[in-house]
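As a plain string of letters, each chain reads:
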Amino acid sequence: QVQLVESGGGLVQAGGSLRLSCATSGRTFSVYNMGWFRQAPGKEREFVATISWSGGTTYYANSVKGRFTISRDNAKNTVYLQMNSLKPEDTAVYYCAADSRRQQPVISVASEDFGSWGQGTQVTVSS
């Protein structure tokens, strides 16, 4: 069983930046693809970004491409989401997730492929 704990959320003005962290424990971190998802009030959870187990491949939702950067430190069992040029529409609870499958060569954007989730961290962007 893997545990994921997000941190780094908060209140920021539009145009500002935040860096989310997701610390994991309970299984070998370095062999699983990782992802970030978000859910705004009244909306369904949506994909934000994903990174391969090696860190060599990343993929972003169009809405955040060029503004957000996902990265990972396998030595620290941690995945990050650097968020720049934040907009009010980025306001949501952000969730870290771990793929259920080891060493998947193709990264997924589908939430059903991610079997472990953190509790979420609130990001609020004021206009």
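Criteria and thresholds
- Residues numbered from 1 in each chain as written.
- Predicted model: local features only at pLDDT ≥ 70, side-chain atom pairs only at ≥ 80, totals over all residues.
- Heavy atoms only, no water.
- Helix = DSSP H or I, 4+ residues; strand = E, 2+ residues; numbered from the N terminus.
- Rg over C-alpha atoms; globule rule 2.2 N^0.38 Å.
- Buried < 20%, exposed > 50% of the residue type's maximum accessible area, 1.4 Å probe, protein only.
- Contact = heavy atoms within 4.5 Å.
- Areas by Shrake-Rupley, 256 points an atom, 1.4 Å probe, with all protein chains shown as cover.
- Lys, Arg positive; Asp, Glu negative; His and termini not counted.
- Charge placed at Lys NZ, Arg CZ, Asp CG, Glu CD.
- Salt bridge = Lys/Arg side-chain N within 4 Å of Asp/Glu carboxyl O.
- Phe/Tyr/Trp six-rings, centres within 6.5 Å; stacked < 30°, edge-to-face > 60°.

A. Structural context of the overall build of the chain. Within the chain, the regular secondary structure consists of zero helices and eleven strands. Taken over C-alpha atoms, the radius of gyration comes to 13 Å for the chain, in line with the 14 Å a tight globule of 127 residues would show. Expressed as lengths along the three principal axes of its C-alpha atoms, the size of the chain is roughly 40 × 30 × 25 Å. Out of the 127 residues belonging to the chain, those deemed buried represent 45%. When contacts within the chain are restricted to residue pairs at least 6 apart in sequence, long-range pairs at least 24 apart make up 59% of them. Surface summary for the chain: the accessible area is close to 6200 Å², and the carbon and sulfur share equals 46%. Of the charged side chains in the chain, 12 are positive and 9 negative, and the gap between their average positions amounts to 5 Å.

B. Molecular detail of the side chain of Ser 52. Relative to the helices and strands, Ser 52 resides in the loop between β5 (46-51) and β6 (58-60). When near neighbours in sequence (up to four residues on either side) are disregarded, Ser 52 contacts Asn 33, Thr 57, Arg 72 and Ile 107.

C. Main features of the pattern of salt bridges. The full count for this structure, using the stated rule, is five salt bridges. Note that Arg 38 and Glu 46 form a salt bridge whose closest N and O atoms lie 2.6 Å from each other. Look at Arg 38 and you get buried, because its relative accessible area is 6%. We classify Glu 46 as partly exposed; its relative accessible area is 35%. Salt-bridge contacts for Asp 90 lead to Arg 67; the nearest nitrogen and oxygen are separated by 2.7 Å. Of this pair, Asp 90 sits in the loop between β8 (78-83) and β9 (92-102) while Arg 67 is found in the loop between β6 and β7 (68-73), placing the two residues 23 residues apart along the sequence.

D. Structural detail: the environment of Asn 77. Structurally, Asn 77 is set in the loop between β7 and β8. The class for Asn 77 is partly exposed, based on a relative accessible area of 30%. When the C-alpha atoms of Asn 77 and Ser 25 are compared, they prove to be 7.2 Å apart, with 52 residues separating the residues in sequence. With sequence-adjacent residues up to four places away left out, Asn 77 is seen in contact with Cys 22, Ala 23, Thr 24 and Phe 29.

E. Representation of the packing of aromatic side chains. Summed over all chains, the structure comprises five aromatic pairs. Both rings, one in Phe 37 and one in Phe 114, keep their centres 5.2 Å apart while their planes meet at 75°; by these two values the pair is edge-to-face. A residue pair is termed long-range when its members are at least 10 positions apart, and Phe 37 in strand β4 (residues 32-39) and Phe 114 in strand β10 (residues 114-117) qualify at 77 residues. A ring pair is formed by Phe 37 and Trp 117, whose centres lie 5.0 Å apart and whose planes are at 55°; its orientation type is tilted. Note that Phe 37 is positioned in strand β4 and Trp 117 in strand β10, a separation of 80 residues in sequence. Judged by relative accessible area, Phe 37 falls into the buried class, the value being 2%. Joined through ring pairs, the aromatic side chains of Phe 37, Phe 47, Tyr 59, Phe 114 and Trp 117 make up one cluster.

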